[in-house]
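For reference, the chains in residue letters:
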Amino acid sequence: MKLISKELEKDNAGQVTLIPEEAEDMWHTYNLLQVGDSLRASTIRKVQTESATGSVGSNRIRTTLTICVENIDFDSQACQLRVKGINIQENQHVKMGAYHTIELELNRKFTLAKKHWDSIVLERIATRDTEQTSKCKQQNITKGGKETPGEIEKWVTTIHIELVKKHVC
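None of these values were measured; they are calculated from a predicted model. (Residues numbered from 1 in each chain as written. Predicted model: local features only at pLDDT ≥ 70, side-chain atom pairs only at ≥ 80, totals over all residues. Heavy atoms only, no water.)

*Asks:* Got a sec to walk through the packing of aromatic side chains? Specific residues and values, please.
*Replies:* A complete count under the given rule lists three aromatic pairs for this structure. Every member of this aromatic cluster is reached through a ring pair, and the members are Trp27, Tyr30 and Phe74. Between Lys114 and the ring centre of Trp117, over which it is positioned, the NZ or CZ distance is 5.5 Å. (Phe/Tyr/Trp six-rings, centres within 6.5 Å; stacked < 30°, edge-to-face > 60°. Lys NZ or Arg CZ within 6 Å of the ring centre and 35° of its normal.)

*Asks:* Account for the sheet that holds strand E6 (residues 99–104), with residues named and values stated.
*Replies:* Within a sheet, each strand pairs with its neighbour through backbone hydrogen bonds, oriented either parallel or antiparallel. A sheet is described by the order of its strands in space; here seven strands give the open sequence E1-E2-E7-E3-E4-E5-E6, paired in antiparallel fashion. Strands at the two margins of the open sheet, each flanked by one partner only, are strand E1 (2–8) and E6. Strand after strand, the sheet turns through a mean of 40° between neighbouring axes, direction not considered. Inspection of the sheet shows strand E5 (residues 80–87) paired to E6 by six bridges, in the antiparallel sense. Directly across from Ile86, in E6, lies its bridge partner Tyr99. (Pairing = 2+ DSSP bridges. Helix = DSSP H or I, 4+ residues; strand = E, 2+ residues; numbered from the N terminus. Axes fitted to C-alpha atoms, helices over the stretch in contact; angles between N-to-C directions.)

Structure (structure tokens):
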């Protein structure tokens, strides 16, 4: 799982932005989600439009929604999470309070916000991110060690963050 950003307050409220990269990451995501959490992700929504003549049509559009999680369903065969909830941030296509189901998939970014992040959950995220970074680095070494400066900077930053965490804890 790739950790894109982490914004936490002193009381451990905040949000993380993640990208699940492997099937196992979907299982970890399923275990991260709880009823009452806020989930923001790209999704497809069927929207009805009315023309000037009064005829009604419907289109499927891609939009980004933020929902308050009410139900979580994990489909291990399709490696997909279906998260149902109420829209809590209005946009031009979906009003607040409307129900929607977001399907989380591999390699699709999402942001998860909680009122309180448990330290074990945060450790799980950091561990999955570190494992992915190590795998990428190992694959790159076997390809001849041709890292780009950006990749090297990311690995050094990740290692530095892990060392600081261990030193502080």
